[in-house]
Amino acid sequence: MCENDESPFQVLAECREGYIGLCSCCGELNFVYKNLLLTFQEAEFHHFFEWWFDQCDRQHYHITLLNGKTHFFTGPVPNMFLVYTKDELEEIKHLYTEVKLALDARRIINVPS
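Residues numbered from 1 in each chain as written. Predicted model: local features only at pLDDT ≥ 70, side-chain atom pairs only at ≥ 80, totals over all residues. Heavy atoms only, no water.

A word on the confidence of the model for the protein chain. Low-pLDDT stretches of the model should not have their predicted coordinates read in fine detail. Here the protein chain averages 87 in pLDDT, while 89% of its residues score no lower than 70. Across the protein chain, element-level confidence peaks in strand β3 (residues 29-33) with a mean pLDDT of 96 and bottoms out in strand β5 (residues 71-74) with 83. (pLDDT = per-residue confidence, 0-100. Helix = DSSP H or I, 4+ residues; strand = E, 2+ residues; numbered from the N terminus.)

Set out below in structure tokens:
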């Protein structure tokens, strides 16, 4: 993620709670959802979301919390978890699908990242 405010940044998909954008300067994709920001190079981006969505279907990642969140994922440290509702996960899947199509289209028409 470039710290230069002048670097060209393009939002590829957005929803009420977040967006996924591309920094043309460094080629990083930023995934922002609520209070979470993750940055990736494109291969890492696809790998992460494929892993995440695969985990969504596994029963042992479902637990009902008092705030209505039902899907949880382990974080980078043992006592950190990311939790989401089914609707939030569907919104994130929709964002990812839009971005995947946008990146494929950019490749087809040879738009540099």
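This next bit is on the nonpolar core. Phe31, Phe45, Phe49, Trp52 and Tyr84 are the most contacted members of the largest nonpolar core, which has 25 residues in total. Elements with a contribution of two residues or more to this core: β1 (9-15), β2 (18-23), β3, β4 (36-40), α1 (42-56), β6 (81-84) and α2 (86-108). Discounting residues that sit within four places of it in the chain, tryptophan 52 has contacts with Phe31, Phe73, Tyr84, Leu89 and Ile92. (Core = buried A, V, L, I, M, F, W, Y, C linked by side-chain atoms within 4.5 Å. Buried < 20%, exposed > 50% of the residue type's maximum accessible area, 1.4 Å probe, protein only. Contact = heavy atoms within 4.5 Å.)

As a further point, take the pattern of salt bridges. Enumeration according to the criterion identifies six salt bridges in this entry. Between glutamate 88 and lysine 34 there is a salt bridge whose closest N-O contact spans 2.3 Å. Here glutamate 88, found in helix α2, pairs with lysine 34, found in the loop between β3 and β4; they are 54 residues apart in sequence, far enough to count as distant. Exposure remark for glutamate 88: the relative accessible area of 8% places this residue in the buried category. In this structure, glutamate 42 and arginine 107 form a salt bridge, with 2.9 Å as the shortest nitrogen-oxygen distance. One end of the pair, glutamate 42, is in helix α1; the other, arginine 107, is in helix α2, with 65 residues separating them in the sequence. Classification of glutamate 42 as partly exposed rests on a relative accessible area of 22%. (Salt bridge = Lys/Arg side-chain N within 4 Å of Asp/Glu carboxyl O.)

The next thing to look at is the sheet that holds β1. By definition, the strands of a sheet pair up through backbone hydrogen bonds, in either a parallel or an antiparallel sense. An order of β1-β2-β3-β4 is seen for the four strands of this open sheet, with the pairing classed as antiparallel. Across the chains shown, the open sheet's two edge strands, defined by having one partner strand only, are β1 and β4. Ignoring strand direction, the axes of neighbouring strands in this sheet form an average angle of 15°. Across five bridges, β3 lies against β4 in antiparallel orientation. (Pairing = 2+ DSSP bridges. Axes fitted to C-alpha atoms, helices over the stretch in contact; angles between N-to-C directions.)

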